[in-house]
Amino acid sequence: MQDEWTALEHAAAHAIAYRRGVATAEITPAADYATMLEAFAAPLPEEGDDPVSVIEHLVEAATPGIRAATGPRFFGWVIGNSHPTGVAADWLASAWGQNAGNLIAAPAASAVEKVAADWLLELLDLPRQASIGFVTGATVANFVCLAAARSAVLRRAGWDVEADGMFGAPPVEVLIGADAHATVFSALKYLGLGARRVKTVESDASGRMLAGDFERALRACAGPVIAIAQAGQINTGACDPFAELAPLARAAGAWLHVDGAFGLWAQAAPGRAHLTRGIEQADSWATDGHKWLQTPYDCGFAIVRDAETHRRAMAISASYLPPAQGAEREPSAYVPELSRRARGFATWAMIRRLGRDGIAELVERNCAVAAHMGGTLGRDDGVALIRPVELNQFMLRFGDSDDATLAVVRQVQEDAVAFIGAALWRGQWVMRVSVSSAATTIAEGDTTIEAVRGAWRKVRG
Ligand SMILES: *Cc1c(COP(=O)(O)O)cnc(C)c1O
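The notes below deal with the structure included here. Once a new chain begins, its residue numbering starts again from 1 and follows that chain's sequence as written. Predicted model: local features are reported for residues with pLDDT of at least 70 only, side-chain atom pairs are reported and counted for 80 or more only, and whole-chain, interface and lining totals are derived from all residues. Calculated side-chain values reflect all of the structure's heavy atoms, with hydrogen atoms and water omitted.

A tally of regular secondary structure across the chain gives 14 helices and eleven strands. In summary, the chain has a C-alpha radius of gyration of 23 Å against a globular reference of 23 Å for 461 residues, a match within 12%. Per-residue and other accessible areas were derived by the Shrake-Rupley procedure at a 1.4 Å probe size, with only the shown protein chains allowed to occlude residues. A total of about 20,100 Å² of accessible surface is found on the chain, and carbon and sulfur atoms cover 56% of it. When charges are counted, neither His nor the chain ends are considered; positive counts come from Lys and Arg and negative counts from Asp and Glu. Think of each charge as sitting on NZ of Lys, CZ of Arg, CG of Asp or CD of Glu. When the 41 positive and 52 negative side-chain charges of the chain are each reduced to one mean point, those points stand 7 Å apart. Secondary structure elements are taken from DSSP: a helix is a run of H or I of four residues or more, a strand is a run of E of two residues or more, and numbering for both begins at the N terminus. Computation of the radius of gyration draws on C-alpha atoms, with the globule rule given as 2.2 Å multiplied by the number of residues to the power 0.38.

So this is what it looks like as structure tokens:
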């Protein structure tokens with residue numbers, strides 16, 4: 001039997017060869033789920049296997065079903081690039097086997113989180129005293145921030161939700177924009193706030209909340225209020241008018257939370273920061289590391305202005321856990337889990353790798369590629385750019401038809417020069433393009449423009 005270390009070397013060699021290839025090669029269409037199930041299907045192993053065989057078998061079986069999400073022409077959903085430097089740091093996080101649960105179990109992981117958290121606040125220009133929990137992604141970041149919101153607004157109404165739960169609590173009103181992300185409703189569901197009992201605030205044609213409607217909705221609320229805004233609508237990239245919403249929320253005593261999974265990163269790019277003006281006045285912010293910061297999955301940040309409220313909602317105490325070390329930041333006090341991956345290493349590594357300038361350049365470049373692609377294709381015959389490109393997300397519709405649009409999306413995926421998906425917007429199918437990878441340049445955008453044109457020609461016949 002070969003030793004375990006050899007398996008690590010094999011894994012590294014395969015990973016490096018894959019990433020070198022994906023950066024330049026044409027994208028091959030990924031084998032589908034059914035094919036992959038077949039490739040992996042086997043009876044439960046009764047005996048252990050040689051470590052190298054396990055890894056070799058994994059690579060052989062999985063490779064046909066690996067979607068080229070790290071390639072330069074991947075425009076699906078909003079997905080970052082699992083940047084090689086972030087991957088390298090993440091390998092070490094796994095190899096070191098650190099449980100980022102507390103300062104004693106993982107001194108380096110705890111310290112790197114503290115330093116990366118401070119860097120994030122500076123980069124994103126948010127209140128420097130805010131606390132950050134390192135979570136799996138924006139879904140859980142929304143959950144954590146809204147747990148803090150629930151705690152604060154109920155506490156102000158004389159209710160201790162951590163001790164007494166939601167039964168008998170004063171009803172909490174939740175205001176949310178009409179074009180909010182689905183995951184926010186999941187967070188509301190987990191928190192006993194209900195996905196359906198929210199009050200919806202009208203939005204404009206790009207999905208931005210209307211401040212006038214927000215003000216009216218706030219005025220109609222009687223008890224504790226949580227208002228949920230958004231930076232970066234997934235179809236349009238639009239950001240809510242925070243400079244107008246925040247003072248209204250504050251005057252009404254409402255907690256203002258922002259889902260800024262990718263849009264919060266506009267704050268890191270001087271040329272885009274006007275889009276998120278006033279966002280720093282909110283009470284909490286959810287964002288991702290694995291989107292615009294390009295860390296590998298999973299990595300998100302739950303940011304709360306008042307650290308004590310954040311801790312009250314999340315801290316875990318048990319006799320066998322070390323007591324909080326005075327003023328030191330306990331990494332588990334800001335997240336729902338106790339044992340978890342040391343996400344600070346990849347975050348720290350990506351901020352060091354790109355620096356403030358590199359992150360600004362990346363955001364600006366992705367936005368420029370989106371504007372170039374959307375503008376160019378939108379002028380083509382039979383192609384409509386649905387909304388002006390503001391950030392990095394945009395929508396196209398072909399032949400003003402659902403069928404034609406879906407056919408072009410399928411054709412682009414089949415031709416496999418680029419990957420782009422579809423979405424429903426205001427009842428109509430669109431091609432939804434997301435530019436959020438460090439690997440994507442204007443030249444890759446041009447190649448993709450030609451691929452989309454080719455697919456549209458085929459569909460038109
Ligand atoms: C991606 C996204 C989420 C969910 O984030 P995950 O990282 O997938 O958990 C939430 N809100 C918005 C606006 C997003 O783009």
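Another aspect to go through is helix 13 (residues 402-415). Between the first and last C-alpha of helix 13 there are 20 Å, a value that for 14 residues agrees with the 20 Å anticipated at 1.5 Å per step. Taken residue by residue, helix 13 has A404, T405, A407, V408, V409, Q411 and V412 as its buried positions. Looking at the buried positions of helix 13, the neighbouring elements they touch are strand 9 (393-398), strand 10 (421-425), strand 11 (428-434) and helix 14 (442-460). N-capping of helix 13 is provided by S401, with a side-chain oxygen placed 3.2 Å from the backbone N of D403. Directly after helix 13, the chain includes A416, whose backbone phi takes a positive value near 60°. A helix is expected to reach a length of 1.5 Å times the quantity of its residues less one. Burial classes follow relative accessibility: with a 1.4 Å probe on protein chains only, a residue under 20% of its type's maximum area counts as buried, one over 50% as exposed, and anything between as partly exposed. Contacts were defined at the residue level, with two residues in contact if any of their heavy atoms lie within 4.5 Å. For the purposes of these results, a polar contact is taken to be a pair of N or O atoms within 3.5 Å, where, inside protein, one atom must be able to donate a hydrogen and its partner to accept one; residues adjacent in sequence count only when each atom of the pair is a side-chain atom.

The next point concerns the site of the ligand. Distances are taken per atom, and a residue is near a molecule or strand as soon as one of its heavy atoms is within 4 Å of it. Every one of the 13 residues lining the ligand counts as a neighbour, but T139, D259, D288, H290 and K291 are closest to it. In this structure, an oxygen atom belonging to the ligand sits 2.6 Å away from a side-chain N or O atom of T139. In the complex, 85% of the free accessible area of the ligand, which totals 380 Å², lies under the protein chains. Here the nonpolar group is Ala, Val, Leu, Ile, Met, Phe, Trp, Tyr, Cys and Pro; Asp, Glu, Lys and Arg are the charged ones; every other residue, Gly included, is treated as polar. Each residue belonging to the shell around the ligand can be placed in one class, and the counts come to four nonpolar, six polar and three charged.

Residue D298 follows Y297 across a cis peptide bond; omega there is -10°. Tracing the sequence through the fold places D298 in the loop between strand 6 (284-288) and strand 7 (300-304). Even without being glycine, W77 reaches a positive phi, approximately 45°. With respect to the helices and strands, the residue W77 is situated in the loop between helix 3 (51-62) and helix 4 (84-96). Phi angles above zero are rare outside glycine, and S82 is one such case at about 40°. The buried category is assigned to S82, whose relative accessible area is 15%.

This next bit is on the sheet that holds strand 1 (residues 131-135). Ordered in space as 1-7-6-5-4-2-3, the seven strands form an open sheet in which the pairing is mixed. Of all the strands in the sheet, the pair left with one neighbour each is strand 1 and strand 3 (199-201). For this sheet the average axis-to-axis angle between neighbouring strands, irrespective of direction, equals 20°. Only strands that DSSP links by at least two bridges are regarded as paired with each other. Relative to strand 7, strand 6 is paired through five bridges, and the arrangement is antiparallel. Bridge pairing in strand 7 places T287 opposite F301. Axes here refer to lines fitted to C-alpha atoms; in helices the fit is confined to the stretch in contact. Angles between the N-to-C directions go from 0 to 180 degrees. Sheet strands in contact with helix 8 (residues 182-190) are strand 2 (173-177), strand 4 (225-230) and strand 5 (255-259), and its direction is about 170° off that of strand 2.

Glancing now at the sheet that holds strand 10. Across the sheet, four strands lie side by side as 8-9-11-10; this open sheet has antiparallel pairing. The open sheet has two edge strands, strand 8 (383-385) and strand 10, and neither has a second partner. Neighbour-to-neighbour, the strand axes of this sheet turn through a mean angle of 40°, independent of strand direction. Where strand 9 meets strand 11, four bridges bridge the pair, whose relative direction is antiparallel. Looking across to strand 11, one finds that F394 is bridged to V433. Where helix 13 meets the sheet, it contacts strand 9, strand 10 and strand 11, and its direction lies at approximately 35° from that of strand 11.

To qualify as a nonpolar core, a set must consist of buried Ala, Val, Leu, Ile, Met, Phe, Trp, Tyr and Cys residues joined through side-chain atoms within 4.5 Å. In terms of nonpolar packing, the biggest core is built from 55 residues, with L175, F214, W265, F301 and I303 touching the most fellow members. Counting only elements with at least two residues in this core, the list comes to helix 5 (107-123), strand 1, helix 9 (211-219), strand 4, helix 10 (242-251), strand 5, strand 7 and helix 12 (344-378). Sorting elements by how many residues they give to this core places helix 12 first, with seven residues. Those residues in contact with I303, other than ones at most four positions away along the chain, are L121, L124, L126, A130, S131, I132, C145, L264, D283, S284, W285 and T287. The next biggest cluster of nonpolar side chains, apart from the first, holds 32 residues, and it includes V144, C145, W255 and A286.

When a carboxyl oxygen of Asp or Glu is within 4 Å of a side-chain nitrogen of Lys or Arg, the pair counts as a salt bridge. Inspection of the entire model under this criterion finds 25 salt bridges. D380 serves as the salt-bridge partner of R453, at 2.7 Å between the closest nitrogen and oxygen. Here D380 lies in the loop between helix 12 and strand 8 and R453 lies in helix 14, a separation of 73 residues in the sequence. Judged by relative accessible area, which is 22%, R453 ranks as partly exposed. Taken together, the shared-partner salt bridges connect E113, R329 and R340 into one network.

Turning next to the packing of aromatic side chains. In this description, a pair of aromatic rings is defined by centroid distance and the angle of the planes. The aromatic pairing rule takes the rings of Phe, Tyr and Trp, using the six-membered ring of Trp, and pairs them if the centres are within 6.5 Å, calling planes under 30 degrees apart stacked, those over 60 edge-to-face and the rest tilted. Applying the stated rule across the entire model yields nine aromatic pairs. Summarising the aromatic geometry, the rings of F134 and F301 are spaced 5.3 Å apart at their centres and angled 80° between planes, so their arrangement reads as edge-to-face. Note that F134 is positioned in strand 1 and F301 in strand 7, a separation of 167 residues in sequence. Seen in terms of ring centroids, F262 and W292 are 6.4 Å apart; in terms of plane orientation they differ by 70°. Their pairing is edge-to-face. A residue pair is termed long-range when its members are at least 10 positions apart, and F262 in the loop between strand 5 and strand 6 and W292 in the loop between strand 6 and strand 7 qualify at 30 residues.

With that out of the way, let us pick up the environment of A269. Inspection of the secondary structure puts A269 in the loop between strand 5 and strand 6. In this structure the C-alpha to C-alpha distance between A269 and A229, which are 40 residues apart in sequence, comes to 20 Å. With sequence-adjacent residues up to four places away left out, A269 is seen in contact with A360, V363 and E364.

Before going further, it helps to spend a moment on helix 5. Look at helix 5: 24 Å from first C-alpha to last across 17 residues, which is about the 24 Å you get at 1.5 Å a residue. Listed in full, the buried residues belonging to helix 5 are A109, S110, V112, E113, A116, A117, L120, L121 and L123. In this structure, the buried residues of helix 5 make contact with strand 1, strand 7 and helix 12.

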